[in-house]
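What follows is the residue order along each chain.
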Amino acid sequence: MRVTIFGSGYVGLVTGACLADAGNDVLCVDVDQKKIDALKRGEIPIHEPGLDALIQRNSEAERLRFTTSAEEGVAHGVLQLIAVGTPPDEDGSADLKYVLAVARSIGQHMNEYKVVITKSTVPVGTADKVGSAVADALKQRGAEVEFDVVSNPEFLKEGAAIDDFMRPDRVVVGADNPRVMELMRALYEPFTRSRDKIICMDVKSAELTKYAANAMLATKISFMNELANLAELFGADIERVRNGIGSDSRIGYHFIYPGLGYGGSCFPKDVQALVRSARGVKYEPQLLNSVEEVNKRQKEVLPGKINKHFGGKLSGKTFAVWGLAFKPGTDDMREAPSRVLLEALWKGGAKVRAYDPAATKEARRIWGDRPDLTLCARAKETLEGADALVIVTEWKEFRSPDFDALKKQLRNPVIFDGRNLYDPATMKKQGFTYYAIGRGDPPPA
């Protein structure tokens, strides 16, 4: 099938590469000439395991191409996928200007039947706006060309996006015209051969499904963080509580790990957008408001523990920080807990020596060169002259360090673990003062 994808960001590139790998003829369109030139040279602008090889293989096979020409893109495929960004507006609602700009471009250039598919995460009712934008552009040309609008939200996890696309849990398709479903089934058939994972519904239900999924996952995270804070006050161990409730099949173990709050490009933005959408129909979403508030508060927990341990005297201290990305497997630092932590440390007059396997370049882009930040090439380099170690992201390489060597390198054997990677009893035996989340702080020295 001939497929056009507008937007060569995270969703657009993963979708395009995976569809091309199944044998489709894919053309990716982006307004950023530098990005398109880089992609043609094989330079991938995002960190996603396996994506660079997938793009290279399909580019060499000429199944995946890149252009800045909207006219060329519209002419190429019957299927026109919109995968551009929907950044939060000033009030937290999703900004649809890029989505609607693409819709207008499609209407300005189409001369035959097209299926316009929204992959971007958008509020309920966006498909109607997309349809109106295409229709208005056609009307201005005095053209009468048939088209359909489909909602086909993505459910890709950063760090595992290719596997998510190739082996999906489900493919949600929202369409009001039954004939479009056959085209969508044909598009996704290579990825759903083991069983039918395509879930068909109306457009508005599909649009809400994406927001509902992310809001549910965000709710589970905030709920566990709320319980972790309670466990600490009660003298309970949240990890034992987690095992106790996770064994219930109605609850399960997914997304019930306490930590420092959610971040990234999806959960914060989508929860806020759903809250604003709810208010747009005169409904106050109390639960979602609390999810957002708990998450915001949770990012202050680790800075609070650090400040309390050092009696509020952080000036002149140096902290080793392991992990900057909002989660393992990505370089994404949008809304990452590390950003709140580092700003708090700097505000107190401390210096930071940080390491992340993937996000060093992104950290340098965010903060630039500053005297109170050293970005290290290896985890052990962060420990030089550090007064304490702070663990922010649960990368695998942090799970089993050499504790004897770590203890010798730190000025003080103190660890603040925001991801509960280690056992408190073991750490105590090894002579560490160990702070975790929801597991009870060590007694004051």
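Everything discussed here concerns the structure shown above.
Notes on the structure in this doc start here.

About the cut-offs
- Position numbers for residues count from 1 along each chain, tracking the sequence in the order it is written.
- For a predicted model such as this one, the threshold for reporting local features is a pLDDT of at least 70, and the threshold for listing and counting side-chain atom pairs is 80 or more; totals across whole chains, interfaces and linings nevertheless cover every residue.
- Derived side-chain values reflect all non-hydrogen atoms in the structure, with water molecules and hydrogen atoms excluded from consideration.
- The numbering of helices and of strands both runs from the N terminus, where a helix is a DSSP run of H or I of at least 4 residues and a strand a run of E of at least 2.
- To estimate the expected span of a helix, count its residues, drop one, and scale the result by 1.5 Å.
- When a residue's accessible area, from a 1.4 Å probe over protein chains only, is under 20% of the maximum for its type it is buried; when over 50% it is exposed; and in between it is partly exposed.
- Should any heavy atoms of two residues lie within 4.5 Å, those residues are counted as being in contact.
- Two rings from Phe, Tyr or Trp (for Trp, the six-membered ring) form a pair when their centres are within 6.5 Å of each other. A pair whose planes differ by under 30 degrees is stacked, one over 60 is edge-to-face, and the rest are tilted.
- Only lysine NZ and arginine CZ atoms are considered, and such an atom sits over a ring when it is within 6 Å of the ring centre and within 35 degrees of the ring normal.
- Any pair of nitrogen or oxygen atoms within 3.5 Å is treated as a polar contact; in protein, a donor-acceptor pairing is required on top of that, and neighbouring residues in sequence qualify only through side-chain atoms on both sides.
- For two strands to count as paired, DSSP must find a minimum of two bridges between them.
- Between N-to-C directions, angles cover 0 to 180 degrees, with each direction set by a line fitted to C-alpha atoms, over the stretch in contact for helices.
- Residues enter a patch when their relative accessible area is above 30% and they make no salt bridge; the linking distance is 9 Å between like charges and 5 Å between nonpolar side chains (Val, Leu, Ile, Met, Phe, Trp, Tyr).
- Working definition of accessibility: Shrake-Rupley area with a 1.4 Å probe, residue cover restricted to the visible protein chains.
- Within this document, salt bridges are pairs made up of a side-chain nitrogen of Lys or Arg and a carboxyl oxygen of Asp or Glu, the two lying within 4 Å of each other.
- Note that the arc is defined by the directions from the helix axis to the C-beta atoms.

Under the 1.5 Å per step criterion, the end-to-end length of helix α5 (residues 97–109) is 19 Å for 13 residues, consistent within 8% with the ideal 18 Å. Of all the positions in α5, only Val99, Leu100, Val102, Ala103, Ser105, Ile106 and Gly107 are classed as buried. As for α5, its buried residues are in contact with β1 (2–6), α4 (70–76), β4 (79–82), β5 (114–118) and α6 (126–141).

By the definition in use, this model includes 14 aromatic pairs. An angle of 90 degrees between the planes, with centres 5.3 Å apart, marks the rings of Trp346 and Trp367 as edge-to-face. Placement of Trp346 in helix α14 (residues 337–347) and of Trp367 in helix α15 (residues 360–367) is noted, with a sequence separation of 21 residues between them. Like Trp367, Trp346 is buried. Look at Tyr355 and Phe398: their rings are 6.1 Å apart centre to centre, the planes differ by 70 degrees, and that puts the pair in the edge-to-face class. One end of the pair, Tyr355, is in strand β10 (residues 351–355); the other, Phe398, is in the loop between β12 (388–391) and α16 (403–409), with 43 residues separating them in the sequence. Relative accessible area serves as the criterion here: at 9%, Tyr355 is assigned to the buried category. Taken together, the aromatic side chains of Phe310, Phe319, Phe416 and Tyr435 make up a single cluster linked through ring pairs. Over the aromatic face of Tyr113 sits the side chain of Arg179, whose NZ or CZ is 4.7 Å from the ring centroid. The side chain of Arg370 reaches across the aromatic face of Trp346, ending 3.6 Å from its centre.

On to the environment of Glu146. The topology assignment puts Glu146 in the loop between α6 and β6 (147–151). Only 2.6 Å separates the side chain of Glu146 from the side chain of Arg179, close enough to count as a polar contact.

Take the side chain of Glu239 next. Within the fold, Glu239 resides in helix α10 (residues 238–246). Among the polar contacts made by the side chain of Glu239, one reaches the side chain of Arg242 at a distance of 2.9 Å. When neighbours within four sequence positions are excluded, Glu239 is seen to be in contact with Pro258, Asn420 and Arg439.

The next point concerns the sheet that holds β12. Overall, parallel pairing links the 6 strands, which are arranged β11-β10-β9-β12-β13-β14 in an open sheet. One side of each edge strand has no neighbouring strand; the edge strands of this open sheet are β11 (373–375) and β14 (433–435). Averaged over neighbouring strand pairs, the angle between their axes works out to 20 degrees when direction is ignored. With 3 bridges joining them, β12 and strand β13 (residues 414–417) adopt parallel strand pairing. Residue pairing in the sheet places Val390 in a bridge with Phe416 of β13. Across the sheet, helix α13 (residues 301–309) lies against β9 (318–322), β12, β13 and β14, angled at about 160 degrees from β13, the strand it touches most.

A cluster of nonpolar residues, Leu230, Leu233 and Phe234, forms a patch on the protein surface that exposes about 380 Å² of accessible area. With respect to the secondary-structure elements, Leu233 resides in helix α9 (residues 203–234).

This part is about the side chain of Ser265. As for its placement among the helices and strands, Ser265 is situated in the loop between α10 and α11 (267–280). On the basis of relative accessibility, which here comes to 16%, the residue Ser265 falls in the buried class. Side-chain polar atoms of Ser265 contact the side chain of Glu158, separated by 3.2 Å.

Our focus in this paragraph is the pattern of salt bridges. Within the structure shown, the criterion is met by 30 salt bridges. We note a salt bridge from Glu226 to Arg297, for which the minimum N-O separation is 2.4 Å. Taken together, the positions of Glu226 in helix α9 and Arg297 in helix α12 (residues 286–298) put the pair 71 residues apart, joining distant regions of the chain. Owing to a relative accessible area of 45%, Arg297 belongs among the partly exposed residues under this scheme. One salt bridge in this structure joins Glu381 and Arg378, with 3.3 Å as the shortest N-O distance. Glu381 sits in the partly exposed class, given a relative accessible area of 22%. Each member of the salt-bridge network shares a partner with another, and the members are Arg2, Asp25, Arg65 and Glu72.

What follows concerns helix α3 (residues 51–60). Considered for burial, the residues of α3 that qualify are Leu51, Leu54, Ile55 and Asn58. Each buried residue of α3 lies within a common arc of 95 degrees when the element is viewed along its axis, so the set occupies one face. The elements touched by buried residues of α3 are α1 (10–21), β3 (64–67) and α7 (161–166). After α3 finishes, the residue Glu62 shows a positive phi value of roughly 60 degrees.

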